[in-house]
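So you can see what is in the structure, the chains are spelled out below.
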Amino acid sequence: MPELNSSHLPSIFMLLGGPGLEEEYSVISIPYFIVFTISMVGNGLVIMVILQDHTLHQPMYLFLSMLSLSDLLFSLSTCPTVMNIFWFNSRQIQSHACLLQMFFVQTLSVVSSGLLLAMASDRYVAICNPLRYTSILSNAVVGRIGVALAARSIVIHIPLVYSLEPLPYCKGNVLSHSYCLHQDVMKLACDGTNTFNIVYGWVIILSTVTLDAVFIFISYIIIIRIVLAMKSGVDRSKVFDTCVSHLCAVFPFYVPVVALSFIHRVGTHLSPSLKIFMASVYILVPPMLNPIIYSIKSRQIRVGLGRLFHPNRVQASNS
């Protein structure tokens, strides 16, 4: 193990997991594994349905497939580390593997935030400017938006990761969660050496996730005003139902993301158990809920799932 007063990046980090709950790991691992499995299967099915069904090659569903891919990669980059602690009590993680995991966690979170904004923008254009919808959001434009969102997140997080490695570390190598978070690693650096990380971390949060949330809020304020002004109750109900499914995905994502970021940066005196709980919600809830929400609320996704599992029955009903 690295020395606690080492001035270099520790060769390994120790993940604390759930302190005091070691004897309950086998029990705790069951809901974790169930949620992880639901996330993987659910997001994988959504991606398969959208890719195979050409009638779903529309902006809203293409953005949804990108969000499902982001959620799937997010679960793969975090949950196996947590399960490794619960099943094998293996708490060690190589420093560079930890930084890579941290990079994926941060990057995919900002990508998901951008995709939720893109989906809100899709609903805004479809409702506020329906005659130009197909020209504004063609499939080529949707693809470029996806690439731009991924590039934005990768570019802004590379300096954050690289800036951690040369810092002097004087506070040991024990991380307070079951996976690697930027705020957690940063706190192990010597006092007064991580000003850039603190400031740059706030800049990223405010200029991406927070700003995305503000634009989503504004777009839905405008959408709600237009919906309430609609004369047709059927049209109003249809538009409202579509928007509700998206909002059901927005809130479970932004609440734990923003809460976890502020808890680590501001709530230094809060209970460690609360931080661990929020970190668990952060990696478990949004990836699990998104495919469930859209499978329940979207008839097209349900029909696509039916074609996927019962192709002969669907063909027979169409003939």
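Residues numbered from 1 in each chain as written. Predicted model: local features only at pLDDT ≥ 70, side-chain atom pairs only at ≥ 80, totals over all residues. Heavy atoms only, no water.

Note the following rule: UniProt positions are given in the numbering used here, feature names are shortened, and annotations may be inferred rather than shown by experiment.
Per an unreviewed UniProt entry, the protein chain goes by the name Olfactory receptor and belongs to Hymenochirus boettgeri. Taken directly from UniProt, the Sequence similarities (unreviewed entry) text for the protein chain runs: "Belongs to the G-protein coupled receptor 1 family."

**Considerations on the environment of Ser-112**
Threshold: Only DSSP runs of H or I covering at least 4 residues are called helices, and only runs of E covering at least 2 are called strands; the numbering of each starts at the N terminus. It only takes one pair of heavy atoms within 4.5 Å for two residues to be counted as in contact.
Note on placement: Ser-112 falls in helix H3 (residues 95-128). The spacing of Ser-112 and Leu-67 is 45 residues in sequence and 5.9 Å in space, taken between C-alpha atoms. Excluding residues that lie within four positions of it along the chain, Ser-112 makes contacts with Leu-67, Ser-70, Asp-71 and Phe-253.

**Here's the deal with the environment of Tyr-179**
Selection rule: Think of a polar contact as two N or O atoms within 3.5 Å of one another; within protein, one of them needs to be a possible hydrogen donor and the other a possible acceptor, and neighboring residues in sequence only count if both atoms come from side chains.
Within the fold, Tyr-179 resides in the loop between strand E3 (174-175) and helix H6 (182-186). Through-space distance from the C-alpha of Tyr-179 to that of Thr-81 is 6.3 Å; in sequence the pair is 98 residues apart. A distance of 2.9 Å separates the side chain of Tyr-179 from the backbone oxygen of Ala-279, its partner in a polar contact.

**Focus on the packing of aromatic side chains**
For clarity, the cut-off: Only the six-membered ring of Trp is used, alongside the rings of Phe and Tyr, when aromatic pairs are assigned; centres must lie within 6.5 Å, and planes under 30 degrees apart are stacked while those over 60 apart are edge-to-face, with the rest tilted. Relative accessibility thresholds used throughout: buried, under 20% of the residue-type maximum; exposed, over 50%; partly exposed, between the two (1.4 Å probe, protein chains only).
One pass over the full model with this rule turns up eight aromatic pairs. Relative to Trp-87, the ring of Phe-33 lies with its centre 5.5 Å away and its plane at 50 degrees, an arrangement referred to as tilted. Placement of the pair is Phe-33 in helix H1 (residues 25-52) and Trp-87 in helix H2 (residues 59-88), with a sequence separation of 54 residues. Taken together, a centroid distance of 6.5 Å and an interplanar angle of 85 degrees make the contact between Trp-87 and Phe-88 edge-to-face. We classify Phe-88 as exposed; its relative accessible area is 60%. Three or more aromatic residues joined by ring pairs make a cluster, and in this case those are Tyr-25, Tyr-32 and Phe-86.

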